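Residue-level structural notes
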Amino acid sequence: MLLRRKTDNYELDKNNIPAHIAFIMDGNGRWAKKRKMPRTYGHHEGTKTIRTLALEANRLGVKAMTVYAFSTENFKRDKSEVDYIFKLPKEFFNLYLKELIENNVQILMIGHLDMAPAETQKIIKNAMESTKKNTGLKLVFAFIYGGRDEILEAVKKTAQEYKDHKIDIDDINESYFERHLMTSGLPDVDLMIRSSGESRLSNYLLWQLSYSELMFVDTLWPDFDEKELHKCIYYYQQRERRFGGVIK
């Protein structure tokens, strides 16, 4: 669904809040360009949106929120931009980790952290360690992540277990396979939101989005605020989720 219409506040059904919301954070560069600023400034402002939405999602009772922070394909970007993005975790957690801890938010990561610079790895690992006992919102950073890569890695792990005679072929089903995905232990993604008007999945959570409600909004990521989140959740709540069945 492509949401274009400007809206006012919506009253949400607190009993129908999506358990897991995934975001493709698009539009940082365009937001900065409109202001005659470098793309890196847009990324800087975009981190503020993560903090804002994480706190609001936590308040609403969302169980997990996953943000597409850096894809495996983003290495194709200009080196200076990539280097800056790798510095953002330090900036983000220096500013907001204390507040996230106070709000009982747990930090998690999916992707290939080992491909990041050593300092970036240290910062993210520290954030995860500092919040591991928190029981509120799970704020998941998809960092150096690709959906196809994740599925291939899960296939390899499953194939190796079969090769090692740890499982029979009939043991392999969706539930078993999902244990090998990076999102193992997280609730299914109920709602996926992409900002900035683009209508692509961009290799994001390809398995997990199979039955998700998809929303594509025009708002650029640094401008995406609590009202935009409420709007998307409101439209989510108007949908009949059949999961392949028929509503009688």
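Because the structure is a prediction, the values reported are computed rather than measured. (Residues numbered from 1 in each chain as written. Predicted model: local features only at pLDDT ≥ 70, side-chain atom pairs only at ≥ 80, totals over all residues. Heavy atoms only, no water.)

Points about the side chain of Gln106
For the record, the criterion: A run of H or I in DSSP becomes a helix once it reaches four residues, and a run of E becomes a strand once it reaches two; helices and strands are each numbered from the N terminus. Should any heavy atoms of two residues lie within 4.5 Å, those residues are considered in contact.
Note on placement: Gln106 falls in strand S4 (residues 106-111). Setting aside anything within four residues of it in sequence, one finds Gln106 in contact with Thr131, Lys132, Asn134, Leu137, Lys138 and Leu139.

Examining the packing of aromatic side chains
Operational definition: Two aromatic rings from Phe, Tyr or Trp, using only the six-membered ring of Trp, form a pair when their centres are within 6.5 Å; if the ring planes differ by under 30 degrees the pair is stacked, by over 60 it is edge-to-face, and anything between is tilted. Per-residue accessibility, obtained with a 1.4 Å probe over protein chains only, is compared with the maximum for each type, and a residue is labelled buried under 20%, exposed over 50%, and partly exposed between these values.
Taken as a whole, this structure holds 18 aromatic pairs when the rule is applied. Taking the centre distance of 4.3 Å and the plane angle of 15° together, the rings of Tyr68 and Tyr204 count as stacked. Residue Tyr68 is located in strand S3 (residues 64-71), and its partner Tyr204 is located in the loop between strand S6 (191-194) and strand S7 (213-217); the two are separated by 136 residues in the primary sequence. As far as the burial class goes, Tyr68 and Tyr204 line up, both buried. With 4.9 Å between their ring centres and 45° between their planes, Phe177 and Trp207 make a pair best called tilted. With Phe177 in helix H6 (residues 174-178) and Trp207 in the loop between S6 and S7, this pair connects stretches of sequence that are 30 residues apart.

A word on the UniProt feature "binding site: Mg(2+)" (unreviewed entry) in the protein chain
In plain terms, the rule: UniProt positions are given in the numbering used here, feature names are shortened, and annotations may be inferred rather than shown by experiment.
Mapped onto this numbering, the UniProt entry gives "binding site: Mg(2+)" (unreviewed entry) at Asp26 and Glu213. For Asp26, the residues in contact, after removing those within four places along its chain, are Arg194, Ser195, Ser196, Glu198, Leu220 and Trp221. The contacts of Glu213, once residues within four sequence positions are left out, are Asp190, Leu191, Met192, Tyr236, Arg239 and Arg241.

Here's the deal with the pattern of salt bridges
What counts, and what does not: Definition used for salt bridges: Asp or Glu carboxyl oxygen within 4 Å of a side-chain nitrogen of Lys or Arg.
Scanning all chains against the criterion turns up 16 salt bridges. One salt bridge in this structure joins Arg30 and Glu198, with 3.7 Å as the shortest N-O distance. In this pair, Arg30 sits in helix H1 (residues 28-34) while Glu198 sits in the loop between S6 and S7, placing the two residues 168 residues apart along the sequence. The salt bridge partner of Lys231 is Glu228, with a shortest N-O separation of 3.2 Å. In this pair, Lys231 and Glu228 are both assigned in helix H7 (residues 226-237), 3 residues apart and thus about one turn of the helix distant. Taken as a pair, Lys231 and Glu228 share a single burial class, namely buried. Salt bridges sharing common partners tie together Asp26, Arg30, Arg194, Glu198 and Arg200.

Observations concerning the side chain of Thr49
Selection criterion: Whenever two N or O atoms come within 3.5 Å, that pair is a polar contact, provided that in protein one can donate a hydrogen and the other can accept it, and provided that, for residues adjacent in sequence, both atoms are side-chain atoms.
Tracing the backbone through its elements, the reader meets Thr49 in helix H2 (residues 39-60). Its relative accessible area of 3% is what places Thr49 among the buried residues. Within the local environment of Thr49, its side chain forms a polar contact with the backbone oxygen of Pro222, the two atoms lying 3.4 Å apart. When near neighbours in sequence (up to four residues on either side) are disregarded, Thr49 contacts Trp221, Pro222 and Phe224.

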